Amino acid sequence: MAETVPPPVPAKDCTVDLLVVGSGTGLATALAAKERGLNVLVVEKTKYVGGSTARSGGAYWIPANPVLLRDGGIDTHERGLTYIGDVVGDTSPEPRWTAFMKHGDETVKMLERTTPLTFFWAEGYSDYHPERPGGDAAGRSCEPKPFDLRKLGEDRARFRPATMSAPVPMPVTGADYKWMNLMMRTPLKSIPKIIRRVIQGMGGLAIKREYSAGGQAIAGGMYAGVRNAGIPVWTEASLKELVTDGNGAVTGAIVEQGGRDVTVTARKGVVLAAGGFDHNLDLRHRYQSEKITKNLSLGSEGNTGDTLAMAEGLGAELANLDQAWWFPAVAPVKEGMAPAVMLAERSLPGSLIVDHTGKRFINESIDYMSFGQKVLEREKAGDPVKEIWLIFDQQYRNSYVFAGGIFPASPCHRRGTTRGSPPRRRPPPNWPPPSASTRPR
């Protein structure tokens, strides 16, 4: 049974050193500022804390970071700079990505100091372009070990729920999912790992612990750190206006909660960490694609781009608005249902991806960001991908987990139903079955 979200902490006129707008990655900003002795306030538009971070895979990518090196990885900052420089090139100012490399180590150390989180190197999670100079097939991604969300105490019900859940309580890390997906092919290695997580999940419930992994773990751990540090978080509190002095410097904000406006004065500034605009179709049509017809993003529902116009109105430069965290997903089989994220499914043997003409048009194993970019490139070139189909054989279905929750050999969905198998009649020319449809947005 879902827990009732408690009423928000009442907003009031106040003065702080730093105001953070957004409670996803903004929580890391709040923790860093608090450790430096600043008085911090976090405001969140929705009723949940965690933002899209709580719905993510929860991994971070920082070359030569201390967790990677501690767990036996071999890497250097120089190799990292070479890789980023080659992949990013002139799409981002060099000082921005050199600053990322310069301060990456300290960011990881800060999170380990200020939160109850413990991280590990996800060995084998390859860089997206390992063939490029400085790339690494062993990968540089790290993620949190399963975290007990009950450490949030009375604020547990205020934490953003996950988009995916296992059939039984089990904290599945990204590294675990790889082996869970291969359980029919590598049972001797996969099944012990699955059993371990089931025991951790079920056993945790028996002793009143709620272990979670991925984005739930990293966002939950940061929220626990924020609570422990005494940093207030106002939920259901929307940024209405940025306040400036006579010279254009931002000195605070007007925040609305429950139809009432309050003024927050910020001595050191305001950090806008309010997410993107994936739930604002007007902005997505303007900056990304007019072909986007439905709001199917799995990001936080608060991502409507509220701060974009505010920042631009104060002279902020905008860039890369045509980009997003693209991720192929299985289209909903019913109106009102959410799409299901495509993880490793599209790169496994026994399957291929075709467009609306029935032609294979992409390397199925390409990273998810590049997948979305390739689809948009075709659209800009006047050759849009109208539909995307994942086609697979029965051996594939008998071997792998599909869409994060359909286990090997279990039936796929049919259009308009919740269960079922593909029809036995001869397929029409535009086959495959609707259950295999995927869309990149």
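Criteria and thresholds
Residues numbered from 1 in each chain as written. Predicted model: local features only at pLDDT ≥ 70, side-chain atom pairs only at ≥ 80, totals over all residues. Heavy atoms only, no water. Helix = DSSP H or I, 4+ residues; strand = E, 2+ residues; numbered from the N terminus. Rg over C-alpha atoms; globule rule 2.2 N^0.38 Å. Buried < 20%, exposed > 50% of the residue type's maximum accessible area, 1.4 Å probe, protein only. Contact = heavy atoms within 4.5 Å. Lys, Arg positive; Asp, Glu negative; His and termini not counted. Charge placed at Lys NZ, Arg CZ, Asp CG, Glu CD. Core = buried A, V, L, I, M, F, W, Y, C linked by side-chain atoms within 4.5 Å. Pairing = 2+ DSSP bridges. Axes fitted to C-alpha atoms, helices over the stretch in contact; angles between N-to-C directions. Parallel < 35°, antiparallel > 145°, perpendicular 65-115°, else oblique. Nonpolar A, V, L, I, M, F, W, Y, C, P; charged D, E, K, R; others polar. Expected span 1.5 Å × (residues − 1). Salt bridge = Lys/Arg side-chain N within 4 Å of Asp/Glu carboxyl O. Polar contact = N/O pair within 3.5 Å; in protein donor to acceptor, adjacent residues only side chain to side chain.

Engineer: Could you give me a rundown of the overall build of the protein chain, with the residues and numbers involved?
Structural biologist: A tally of helices and strands in the protein chain yields 11 helices and 16 strands. At 23 Å, the protein chain has a C-alpha radius of gyration in line with the 22 Å of a compact globule built from 441 residues. Seen through its C-alpha atoms, the protein chain measures out along the principal axes to roughly 70 × 55 × 50 Å. Here the protein chain holds 441 residues, and 45% of them are scored as buried. Partitioning the contacts of the protein chain with sequence separation of at least 6, the portion at a separation of at least 24 is 67%. Taking the average location of the 54 positive side-chain charges in the protein chain and that of its 47 negative ones, the two points are 8 Å from each other.

Engineer: Give a detailed account of the nonpolar core, specifying residues and quantitative values.
Structural biologist: Counting residues in each nonpolar core, the largest one holds 35 residues, and the members touching the most others are Leu-27, Val-42, Tyr-60, Leu-111, Phe-119, Phe-159 and Tyr-223. Elements represented by at least two residues in this core include exactly β1 (14-21), α1 (26-35), β2 (40-43), α2 (66-70), α4 (94-114), β4 (119-121) and α7 (214-228). Sorting elements by how many residues they give to this core places α7 first, with seven residues. If we skip the residues at most four places from it in the chain, Leu-27 touches Gly-22, Val-42, Val-49, Ala-219, Met-222, Tyr-223 and Val-226. Grouped together as the second largest cluster of nonpolar side chains are 18 residues, Ile-366, Val-375, Tyr-400 and Phe-402 included.

Engineer: Would you mind going over the sheet that holds β1 in detail, with residue names and values included?
Structural biologist: Taken together, six strands build an open sheet; the order of strands is β8-β2-β1-β11-β10-β9 and the sheet is mixed. Looking at the sheet topology across the chains shown, the edges are occupied by β8 (233-234) and β9 (237-244). By the bridge criterion, seven bridges tie β9 to strand β10 (residues 250-257) in an arrangement that is antiparallel. Within β10, the residue paired with Ala-237 across the bridge is Gln-257. Of the strands in this sheet, β9 and β11 (260-272) are in contact with helix α9 (residues 306-313), which crosses β9 at around 0 degrees.

Engineer: An account of the packing of α1 against α4 is needed here, citing residue identities and associated values.
Structural biologist: Orientation of α1 relative to α4, taken along the N-to-C sense of each, is 80 degrees, at an axis distance of 10 Å. With respect to α4, the axis of α1 lies roughly perpendicular. For the pair α1 and α4, the contacting residues are Ala-28, Leu-31, Ala-32 and Glu-35 in the first and Met-110, Leu-111, Arg-113 and Thr-114 in the second. When grouped by side-chain class, the residues that make up the contact of α1 with α4 number five nonpolar, one polar and two charged.

Engineer: Go over α7, please, and point to the residues and values.
Structural biologist: Its 15 residues give α7 an end-to-end C-alpha distance of 21 Å, which sits within 8% of 21 Å, the value for a rise of 1.5 Å per residue. Burial within α7 is extensive, with 13 of its 15 residues counted as buried. Downstream of α7 by one or two residues, Gly-230 has phi in the positive range, about 75 degrees.

Engineer: Go over the side chain of Arg-346 with me, naming the residues and quoting the values.
Structural biologist: In this fold, Arg-346 is placed in the loop between β13 (340-341) and β14 (351-355). Glu-345 is the oppositely charged side chain nearest to the buried, salt-bridge-free Arg-346, at an N-O distance of 6.8 Å. At 2.9 Å, the side chain of Arg-346 forms a polar contact with the backbone oxygen of Glu-364. For Arg-346, the side chain forms a polar contact with the main-chain oxygen of Ile-366, separated by 2.7 Å. Leave out the neighbours within four places in its chain, and Arg-346 touches Pro-328, Ser-351, Ile-353, Glu-364, Ser-365, Ile-366, Asp-367, Tyr-368, Phe-371, Leu-390 and Tyr-396.

Engineer: Before we move on, can you summarise the environment of Gly-72 with the specific residues and values?
Structural biologist: One can find Gly-72 in the loop between α2 and α3 (77-88). Taking the C-alpha atoms as reference, Gly-72 lies 33 Å from Ser-23; in sequence the two are 49 residues apart.

Engineer: I'd like a rundown of the pattern of salt bridges, residues and numbers included.
Structural biologist: Pairing between side chains of opposite charge can happen when the charged atoms of each approach one another. Tallying each qualifying case throughout the model produces 21 salt bridges. Across the salt bridge formed by Asp-306 and Lys-45, the nearest N and O atoms sit 2.7 Å from each other. With Asp-306 in helix α9 and Lys-45 in the loop between β2 and β3 (60-61), this pair connects stretches of sequence that are 261 residues apart. Members of the salt-bridge network, linked through shared partners, are Asp-75, Arg-79, Asp-127, Asp-136 and Arg-140.

Read these as spatial facts, not as claims about activity.
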